[in-house]
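Listed here are the chains, written in short residue letters.
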Amino acid sequence: MINRRTAERITPNQNILVKEDTGEIINYYHLKDISTGGMYLLKKISSKTEKNSTYTFLIQGIMENSITGEIYETRLDNNGNYGTAIRFGNPKEAEALVSAVKKL
């Protein structure tokens, strides 16, 4: 399998809860990993019809920053856990979030 990633993937050293706000509904998920291109949320089973959502990371120091993302696909990870891959609309906006998660 070819890795097509261009950005480093960061796995947080602690549990990070992520709030998703679609404008109609609010859900909470756990962050598995993040890069400037997107993130992988555990236990989120979704369809692509949800389009864009706003994601807020519920941890001191970065919860003031939210980012918009779009569902890419729902899949099993290497450990057999379901989750959803999210692509960020603007990878430049994700740089500060990824840096903050990396420092945790």
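My aim in this report is to walk through the structure given alongside it, one point at a time. Predicted model only: the values in this text are computed from it and were never measured. (Residues numbered from 1 in each chain as written. Predicted model: local features only at pLDDT ≥ 70, side-chain atom pairs only at ≥ 80, totals over all residues. Heavy atoms only, no water.)

### What about the sheet that holds strand 2 (residues 26–35)?
Overall, antiparallel pairing links the 6 strands, which are arranged 1-2-3-6-5-4 in a closed barrel. Averaged over all pairs of adjacent strands, the angle between their axes in this sheet comes to 45°, without regard to strand direction. Here strand 5 (residues 66–76) runs beside strand 6 (residues 82–88); their pairing, made up of 7 bridges, is antiparallel. Paired with Gly69 across the bridge in strand 6 is Phe88. Sitting on the sheet, helix 1 (residues 91–103) touches strand 2, strand 4 (52–57), strand 5 and strand 6, and the angle it makes with strand 2 is about 85°. (Pairing = 2+ DSSP bridges. Helix = DSSP H or I, 4+ residues; strand = E, 2+ residues; numbered from the N terminus. Axes fitted to C-alpha atoms, helices over the stretch in contact; angles between N-to-C directions. Contact = heavy atoms within 4.5 Å.)

### Focus on helix 1
Here helix 1 spans 19 Å end to end across 13 residues, near enough to the 18 Å set by a 1.5 Å rise per residue. Residues Ala94, Leu97, Val98, Ala100 and Val101 constitute the buried set of helix 1. For helix 1, the secondary structure elements touched by its buried residues are strand 2, strand 4, strand 5 and strand 6. The N-terminus of helix 1 is capped by Asn90, whose side-chain oxygen sits 3.1 Å from the backbone nitrogen of Lys92. (Expected span 1.5 Å × (residues − 1). Buried < 20%, exposed > 50% of the residue type's maximum accessible area, 1.4 Å probe, protein only. Polar contact = N/O pair within 3.5 Å; in protein donor to acceptor, adjacent residues only side chain to side chain.)

### Structural notes on the side chain of Thr84
By the secondary structure assignment, Thr84 is in strand 6. Of the polar contacts made by the side chain of Thr84, one reaches the side chain of Thr74; its length is 3.1 Å.

### With respect to the pairing of strand 4
As a general feature of sheets, a regular strand has side chains that alternate between the two faces. The sheet contact formed by strand 1 (residues 17–21) and strand 4 spans 4 bridges and is antiparallel. Across the sheet, residue Lys19 finds its bridge partner in strand 4, namely Thr56. In terms of strand pairing, strand 4 meets strand 5 through 5 bridges, oriented antiparallel. Its bridge partner being in strand 5, Thr56 is matched across the sheet by Ser66.

### Quick word on the pattern of salt bridges
Under the defined criterion, the tally for this structure stands at 4 salt bridges. A salt bridge links Lys102 to Glu8, with the nearest nitrogen and oxygen atoms 3.1 Å apart. Taken together, the residues Lys102 in helix 1 and Glu8 in the segment before strand 1 connect sequence positions 94 residues apart. When its relative accessible area of 47% is taken as the criterion, Lys102 is described as partly exposed. A relative accessible area of 51% places Glu8 in the exposed class. The salt bridge involving Glu95 is made with Lys92; its shortest N-O contact spans 3.4 Å. A residue pair is termed a helical-turn pair when its members lie 3 or 4 positions apart in one helix, as Glu95 and Lys92 do in helix 1 at 3 residues. (Salt bridge = Lys/Arg side-chain N within 4 Å of Asp/Glu carboxyl O.)

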